[in-house]
Amino acid sequence: MKILISADMEGATGVTWPADVLPGTPQWERCRPMFTSDVNAAVIGFFEGGADEVLINEAHWTMRNLLLEQLDDRAQMITGRHKTLSMVEGVQHGDVDGIAFVGYHTGAGTEGVLAHTYLANSVTGVWVDGSRASEGLLNALVVEEYGVPVVLVTGDDRTIEDAKGYAPDAYGVAVKDYVSRYAAVCRTPGRTAADIRSAAGRAAALAVRASPSPPQEHTVELEFDAEHLVGAATVVPGVERTGERRVAYTSPGMYEGIRTFKAVTTVVSAAVEEQYG
Ligand SMILES: [Zn+2]
């Protein structure tokens, strides 16, 4: 049994503030061991639950946040950016039986600690086929095409609530409870590690890969905080203006869909000016 862990940082233990997840800051350095503790607890739990292999994919910012030297020796990790499937890189090789979303968060424009979808401020909302979407939902649609179930989700309590919509059977561990976008009632890393380890141990039983399902067409809509970003986004082929600050595209499947999403957010982030956005 092989488990893939997609590890984002905003939903990690103790994290509540932009500097906590901004590479290079003293606060980020302080939070890296707590993030690593969450991920390592999942690794240990999955091995206890019967996994033979656990692969971690770093999924936050420049994708070099976890402390490799503090991880269980049985794990391996994909560090660094520019990967075909971004946050769920590794799922496409046909050998993953289950995936965990560790340190996840809610989507742009919704309640949740450090809520956003890919870009911190420029993207104010994302919808897939008309329903509001988080990164968790987008990634769940991708892995579904490979027949890989989401078995565990960790983050704040709102993230666990959100996950019930896209992975109703997955185990959820809330490491903190939402107070505001920048505040939470936090539990200690010792306590959250115990909770994650125990949930991962049980979640391993859900890691049963199905045959890949035929790609399904999805329409993805994005809303930005400024009108000029629509002009930037529509440079990407297939992306059309649907409103003053909105664009949409339709993909034949989410393998294409997530790559177009990545292209749009990359182009848009390059068009954001420091003061005016
Ligand atoms: Zn992140």
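Residues numbered from 1 in each chain as written. Predicted model: local features only at pLDDT ≥ 70, side-chain atom pairs only at ≥ 80, totals over all residues. Heavy atoms only, no water.

1. Things to note about the overall build of the protein chain
Piece 1. The secondary structure content of the protein chain amounts to six helices and twelve strands.
Piece 2. Taking 277 residues into account, the globule formula puts the C-alpha radius of gyration at 19 Å, and the protein chain, at 18 Å, falls close to it.
Piece 3. C-alpha extents for the protein chain along the principal axes are approximately 50 × 45 × 30 Å.
Piece 4. Relative to its 277 residues, the protein chain shows a buried fraction of 56%.
Piece 5. Within the protein chain, contacts between residues at least 6 apart in sequence are counted, and of these 67% link residues at least 24 apart.
Piece 6. Of the accessible surface of the protein chain, which amounts to about 11600 Å², a share of 50% is contributed by carbon and sulfur atoms.
Piece 7. Positive and negative side-chain charges of the protein chain, numbering 22 and 37 respectively, have mean locations separated by a distance of 3 Å. (Helix = DSSP H or I, 4+ residues; strand = E, 2+ residues; numbered from the N terminus. Rg over C-alpha atoms; globule rule 2.2 N^0.38 Å. Buried < 20%, exposed > 50% of the residue type's maximum accessible area, 1.4 Å probe, protein only. Contact = heavy atoms within 4.5 Å. Areas by Shrake-Rupley, 256 points an atom, 1.4 Å probe, with all protein chains shown as cover. Lys, Arg positive; Asp, Glu negative; His and termini not counted. Charge placed at Lys NZ, Arg CZ, Asp CG, Glu CD.)

2. Some thoughts on the packing of helix α1 (residues 26-48) against helix α4 (residues 189-203)
Relative orientation and spacing of two packed helices are given, respectively, by the angle between their axes and the distance between those axes.
Piece 1. For the pair α1 and α4, interaxial distance at closest approach is 7 Å and the crossing angle is 30°. As the angle between them shows, α1 and α4 are arranged roughly parallel. In this structure, the crossing between α1 and α4 has a hand that is right-handed. In this structure, α1 contributes Met-34, Ser-37, Asp-38, Ala-41, Ala-42, Ile-44, Gly-45, Phe-46 and Glu-48 to the contact, and α4 contributes Pro-189, Thr-192, Ala-193, Ile-196, Arg-197, Ala-200, Gly-201 and Ala-203.
Piece 2. For the contact of α1 with α4, the class distribution of residues is ten nonpolar, four polar and three charged. (Axes fitted to C-alpha atoms, helices over the stretch in contact; angles between N-to-C directions. Parallel < 35°, antiparallel > 145°, perpendicular 65-115°, else oblique. Left-handed = near helix turned anticlockwise from the far one by under 90°. Nonpolar A, V, L, I, M, F, W, Y, C, P; charged D, E, K, R; others polar.)

3. Quick word on the coordination of the zinc ion
Piece 1. Within the protein, the zinc ion binds to Asp-8 (OD), Glu-10 (OE), Glu-10 (OE) and His-60 (ND1); these donor distances fall in the range 2.0 to 2.8 Å.
Piece 2. One can describe the site at the zinc ion as irregular: its four donor atoms subtend angles covering 51 to 140° at the metal.
Piece 3. Between the donor residues of the zinc ion, the gaps in sequence give the motif D-x1-E-x49-H. Of this pair, Asp-8 sits in the loop between β1 (2-7) and α1 while His-60 sits in the loop between β2 (53-58) and β3 (75-78), and the two are 52 residues apart along the sequence. For the pair Asp-8 and His-60, one class covers both residues: buried. (Donors = N, O, S within 2.8 Å, 3.2 Å for Na, K, Ca; no water. Tetrahedral: all angles 85-135°; square planar, octahedral: opposite > 155°, others 65-115°.)

4. Topic: the side chain of Asn-57
Piece 1. Looking at the element boundaries, Asn-57 is found in strand β2.
Piece 2. Given the relative accessible area of 0%, Asn-57 is considered buried.
Piece 3. Within the structure, Asn-57 has its side chain in polar contact with the side chain of Lys-83 (distance 2.7 Å).
Piece 4. Here Ser-86 takes part through its backbone oxygen, which lies 2.9 Å from a polar atom of the side chain of Asn-57.
Piece 5. Beyond its immediate chain neighbours, meaning those up to four positions away, Asn-57 contacts Leu-4, Ile-5, Ser-6, Ala-7, Ile-78, Lys-83, Ser-86, Met-87, Val-88 and Glu-89. (Polar contact = N/O pair within 3.5 Å; in protein donor to acceptor, adjacent residues only side chain to side chain.)

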